[in-house]
Amino acid sequence: MCGIIGYTGPLMARDVILQGLHQLEYRGYDSAGMALLTEDGGMYLRKKVGQVSALEAVCEPDIPAHCGIGHTRWATHGGVTDANAHPHAVGKVVLLYNGIIENYHTISRQFGFEGLATSETDTEVAAQLINYYYGQTGNPYEAIRRSIEIIEGSYAFCILFTDIPGTIYAIRNVSPLVAASSEQGSFIASDVTALISYTKEYFVVPEQHILTITQDQIRMETLDGTVVKPEMLEVTWDVEAAQKGGYPHFMLKEIYEQPEVFQKTIMPRLVEGLPNFEVDGVPDPLFQRCHSIQVIACGTAMYAGMVGRAIMEKQLRIPVSVSIASEFRYDTPLLDPGTLVIVVSQSGETIDTLAALRLAKECGCPVLSIVNVKGSTIARESDYVLYTHAGPEIAVASTKAYMVQLAVFYLITARMMLVRGAAEEAQVKDFIASLAKAPEWIQDALGQGDAIRKQAEKMAFSRDAFFIGRGMDYAFSLEGALKLKEISYIHAEAYAAGELKHGTIALIEPGVPVIALATQDHIFNKTISNIREVKARGAYVILITKKGVPVSSEVCDVHLEIPVEDDRFTVFPCAVLLQLLAYYTAYAKGYDMDKPRNLAKSVTVE
Ligand code: AGP
């Protein structure tokens, strides 16, 4: 989604902003722009469709300015044009933002802005409104305060007033903003990735608080003018962590980080071989009281929830449902306070997931979230949070975040087994002992990269691909299909293996790649039968099973094995094999795995 960076301080604002925009590129965008308050009292504005490098090319190198704001736009209202790119300047107001103003047409009509528009955006209407009130009151706070009383929607505004040098104003509602002040000046940004070159100390901007950012300090006040001290956080991610570390793409680096981040996520929650959430402040009654569980998320996070559902229902014998957040939020859910809602989100800012969380709370449900970004909106609005410790996931296609989301679901399952009496302590210890082996199984799968790459090159130019499995294998295949399609643009579908003959098998033609997962003993033979059906129709079958399982050569073209004995834990190495398959397929096609077309890292607008 849109990226925001603002700076005021001793450094050259142009350079700081461009560097920040580069670091925010991973959020996905289609145009970029910046506005600077120059030393002679002027305002310098450039904005361009395309990459940040296209903006850089039109920004003179030595612009005398130490205060400015920059933006990468992911188009929502209005097409991808230079005019629609941010910032927008109206009168003495220069503004950029991330979000959606739902009533901008009404505002435009009500205040007579329609004939003044130079773009098709809701952003410009916000600039017109703030400029209108600034003209009436001459006071930036009043102008902002009065405007947001009218504006409906989600927003993270950064605002310059051309007659107030060296100062940036900011305010947010739902859309994310972080801020920091250091000896190198003061910063405001969409996320810490744009700040970590300058400072490790930052804070999350609370909603509906007006920030006045000058080079020496950041003043934060509520809408009624009460000055509030920010809650400082420490960035544990150094610049190195957010760089590629020698890998060709962030995505491959993040795939290879999985053993490490898996350990980081589970180890703090294991005490004497048992799961323990004391460090997270998640109380046992939360797990003891619920009669059912509702998981809510989007995309990969939702597919992690599908695996979570499979293992929780298997071990706890209580109903677990998984809902797509964008569906759930407009539904009339059958929830009551006895339903534990688990919200999953890497970014903690996905607007549909946040809205679903709020609806769940209106139903009186306790909400536990599994989130990677500390201090994110979803984390702050949950009753309890279990943070994953994946570090910055820069690639748009989620890999390590998925892996650690799974790890947390397995920890939750183990804790619930214990506190609900669903298993003896010894059984829970065995479960945890197996879970603790996952990093080595993940490492083994990473060691199969060359074999996977060969298969990827074979299937790279297929039009379609199918992922099939039964039970937990079906849950894994959902994420495998998403990974492949979102970075290689091959039309990939996950299918319950037993369902193929009810229509989809009509699509199986000679050479169509079918990735078959058969890691569950109790349904292994049934899955092999389904594989024979697609093989008989000419499919190219890549079969994944547990190590040592005999498979006759006419069943598959390639047989990959994972070193896991216990069916409950096969997801961890399987996920890695499917991630690598997607990565090397896109690599063979010469695509950009970190910034796939049309996608954004965090979908903060509907
Ligand atoms: C994952 O590869 C996708 N980029 C996307 O499906 C993502 O998982 C989804 O948008 C949810 O994001 P979140 O985890 O930050 O909420």
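Structure shown above.
Residues numbered from 1 in each chain as written. Predicted model: local features only at pLDDT ≥ 70, side-chain atom pairs only at ≥ 80, totals over all residues. Heavy atoms only, no water.

### Looking at the pattern of salt bridges
What counts is decided by this rule: By convention in these notes, a salt bridge is any Lys or Arg side-chain nitrogen within 4 Å of a carboxyl oxygen on Asp or Glu. Helix and strand assignments follow DSSP, with helices taken as H or I runs no shorter than four residues and strands as E runs no shorter than two, numbered in order from the N terminus.
This structure, assessed with the given rule, holds 29 salt bridges. We note a salt bridge from Arg 269 to Asp 280, for which the minimum N-O separation is 2.8 Å. In this pair, Arg 269 is assigned in the loop between helix H7 (258-266) and strand S15 (270-271) and Asp 280 in the loop between strand S16 (274-275) and helix H8 (284-289), connecting sequence segments eleven residues apart. In this structure, a network of salt bridges that share partners links the residues Glu 142, Arg 145 and Arg 146.

### Considering the packing of helix H13 (residues 400-419) against helix H19 (residues 571-588)
Convention followed: Angular values range over 0 to 180 degrees, each being the angle between N-to-C directions of two axes fitted as lines to C-alpha atoms, with helices fitted over their stretch in contact. With respect to orientation, any angle under 35 degrees is reported as roughly parallel, any angle over 145 as roughly antiparallel, any angle of 65 to 115 as roughly perpendicular, and every other angle as oblique. Crossing chirality is assigned from the near helix's rotation relative to the far helix, an anticlockwise turn below a right angle marking it left-handed and a clockwise turn marking it right-handed. Contacts are assigned to residue pairs with any non-hydrogen atoms lying within 4.5 Å of each other. Only Asp, Glu, Lys and Arg are considered charged in this grouping, and only Ala, Val, Leu, Ile, Met, Phe, Trp, Tyr, Cys and Pro are considered nonpolar; every other residue, Gly among them, is considered polar.
Two numbers describe how H13 lies on H19: the axes approach to 11 Å, and their chain directions differ by 165°. The angle between H13 and H19 places the two elements in the roughly antiparallel class. The handedness of the crossing between H13 and H19 is right-handed. Where H13 abuts H19, its residues Tyr 402, Met 403, Leu 406, Ala 407 and Tyr 410 lie against Val 571, Phe 572, Ala 575, Val 576 and Gln 579. Of the residues assigned to the contact of H13 with H19, the class counts are nine nonpolar, one polar and no charged.

### Focus: the site of the ligand
Here is the rule we go by: Throughout this document, a residue counts as near a molecule or strand when at least one of its heavy atoms sits within 4 Å of that molecule or strand. Each polar contact in these results corresponds to two N or O atoms within 3.5 Å; when the atoms are within protein, one needs to be able to donate a hydrogen and the other to accept it, and residues that are neighboring in sequence are counted only if both atoms are side-chain atoms. All accessible areas in this document rest on Shrake-Rupley with a 1.4 Å probe, and a residue is counted as covered only by the protein chains that are shown. Here a cavity is any set of points on a 1 Å grid over the protein atoms alone where a 1.4 Å probe fits but cannot get out, and a pocket is any open set with protein on both sides within 12 Å along at least 5 of 7 lines; a residue lines the site when it has an atom within 4 Å of a point. Any molecule with more than half of its atoms within 2 Å of a cavity's or pocket's grid points is regarded as sitting in that cavity or pocket.
In the vicinity of the ligand lie 13 residues, with Ser 345, Gln 346, Ser 347, Thr 350 and Glu 486 positioned nearest. Within the backbone of Thr 300, a nitrogen or oxygen atom sits 3.1 Å from an oxygen atom of the ligand. Here the ligand, which alone exposes 410 Å², has 92% of that area covered by the protein. Counting atoms within 2 Å of the grid points, the majority share of the ligand lands in the largest pocket. Taken together, the elements giving at least two residues each to the shell around the ligand come down to helix H9 (299-316) and helix H17 (472-488). At three residues, H9 tops the list of elements feeding residues into the shell around the ligand. In terms of residue class, the shell around the ligand is built from four nonpolar, seven polar and two charged.

### Examining the state of the cysteines
Each disulfide consists of one covalent bond between the sulfur atoms belonging to two cysteines. What counts is decided by this rule: Count a disulfide wherever a pair of cysteine sulfur atoms falls within 2.5 Å.
A complete count under the given rule lists zero disulfides for this structure. Cysteine Cys 158 remains unbridged, with the sulfur of Cys 67 as its closest cysteine sulfur at 10 Å.

### Some thoughts on the sheet that holds strand S20 (residues 367-371)
Note the following rule: Pairing between strands is defined by DSSP: at least two bridges between the two strands are required.
A sheet is described by the order of its strands in space; here five strands give the open sequence S18-S17-S19-S20-S21, paired in parallel fashion. Whereas interior strands pair on both sides, the edge strands pair on one side only; in this sheet they are strand S18 (320-324) and strand S21 (384-387). When strand polarity is set aside, the average angle formed by the axes of neighbouring strands in this sheet is 20°. Summarising the sheet, strand S17 (residues 292-297) and S18 pair through five bridges and their orientation is parallel. Across the sheet, Ile 296 pairs through a bridge with Ser 323, a residue of S18. The strands touched by helix H11 (residues 351-362) within the sheet are S17, strand S19 (339-345) and S20, with S19 carrying the most contacts at an inclination of about 165°.

### What to know about the layout of surface pockets
Selection rule: Grid points are joined across faces, edges and corners, and a volume is the space filled by probe spheres set on the points.
In this structure, the largest pocket occupies an estimated 500 Å³ of space. What lines the largest pocket is a set of 25 residues, and nearest its centre among them are Cys 298, Gly 299, Thr 300, Lys 601 and Val 603. Looking at the lining of the largest pocket, the elements that each hand over two or more residues are H9, S19, H11 and H17. A total of three residues in the lining of the largest pocket trace back to one element, the largest contributor, which is H9.

### Focus on the nonpolar core
Defined as follows: Remark: nonpolar core denotes a set of buried residues (Ala, Val, Leu, Ile, Met, Phe, Trp, Tyr, Cys) joined through side-chain atoms within 4.5 Å. Residue exposure (1.4 Å probe, protein chains only): buried if accessible area is under 20% of the type maximum, exposed if over 50%, otherwise partly exposed.
Counting 100 residues, the largest nonpolar core has Phe 287, Ile 293, Met 312, Ile 342, Tyr 410, Ile 412 and Phe 572 as the members making the most contacts within it. Dropping the residues within four chain positions of it, Met 312 is found in contact with Ile 293, Val 295, Arg 317, Val 320, Ile 342, Phe 409, Ile 412 and Thr 413. Within the second largest apolar cluster, 31 residues are counted, among which are Tyr 44, Ala 194, Leu 195 and Val 204.

### Section: unusual backbone geometry
A cis amide bond links His 86 with the next residue in sequence, Pro 87, at an omega value of 5°. Along the polypeptide, Pro 87 turns up in the loop between strand S4 (65-73) and strand S5 (88-90). If you check the backbone angles, Tyr 489 has positive phi at about 65° while not being a glycine. Tracing the sequence through the fold places Tyr 489 in the loop between H17 and strand S23 (491-496). The phi angle at Asn 598 is positive, at roughly 70°, despite the residue not being glycine. Tracing the chain through its elements places Asn 598 in the segment after H19.

### Let's talk about the packing of aromatic side chains
Applicable threshold: A pair of Phe, Tyr and Trp rings is counted when the ring centres sit within 6.5 Å of each other, with Trp represented by its six-membered ring. The angle between the planes then sorts it: under 30 degrees is stacked, over 60 is edge-to-face, the rest tilted.
Tallied over the full model, the rule gives 22 aromatic pairs. Centre to centre, the rings of Tyr 410 and Phe 431 are 5.9 Å apart; their planes meet at 25°, and the pair counts as stacked. Residue Tyr 410 is found in helix H13, and its partner Phe 431 is found in helix H14 (residues 425-435); the two are separated by 21 residues along the sequence. On the basis of relative accessibility, which here comes to 0%, the residue Tyr 410 falls in the buried class. Of the residues examined, Phe 431 reaches a relative accessible area of 0% and is grouped as buried. Ring centres 6.3 Å apart and planes at 50° place the aromatic pair Trp 441 and Phe 569 in the tilted group. Note that Trp 441 is positioned in helix H15 (residues 438-446) and Phe 569 in the loop between strand S26 (558-562) and H19, a separation of 128 residues in sequence. By way of ring pairs, the aromatic residues Phe 262, Tyr 410, Phe 431, Trp 441, Phe 569 and Phe 572 are connected into one cluster.

### Overview of the side chain of Thr 199
Its place among the elements puts Thr 199 in the loop between strand S10 (185-189) and strand S11 (201-204). Since its relative accessible area comes to 9%, Thr 199 is described here as buried. A distance of 3.0 Å separates a polar atom in the side chain of Thr 199 from the backbone nitrogen of Glu 201. Sequence-distant contacts of Thr 199, defined by excluding residues within four places in its chain, comprise Ala 180, Ser 182 and Val 235.

### Comments concerning the pairing of strand S22 (residues 464-469)
Counting buried residues in S22 gives six out of six residues, a clear majority hidden from the surface. Neither face of S22 is open: one carries Asp 464, Phe 466 and Ile 468, the other Ala 465, Phe 467 and Gly 469, and all of them are buried. By the bridge criterion, six bridges tie S22 to S23 in an arrangement that is parallel. Counted as the bridge partner of Phe 467 is Ala 494 from S23.

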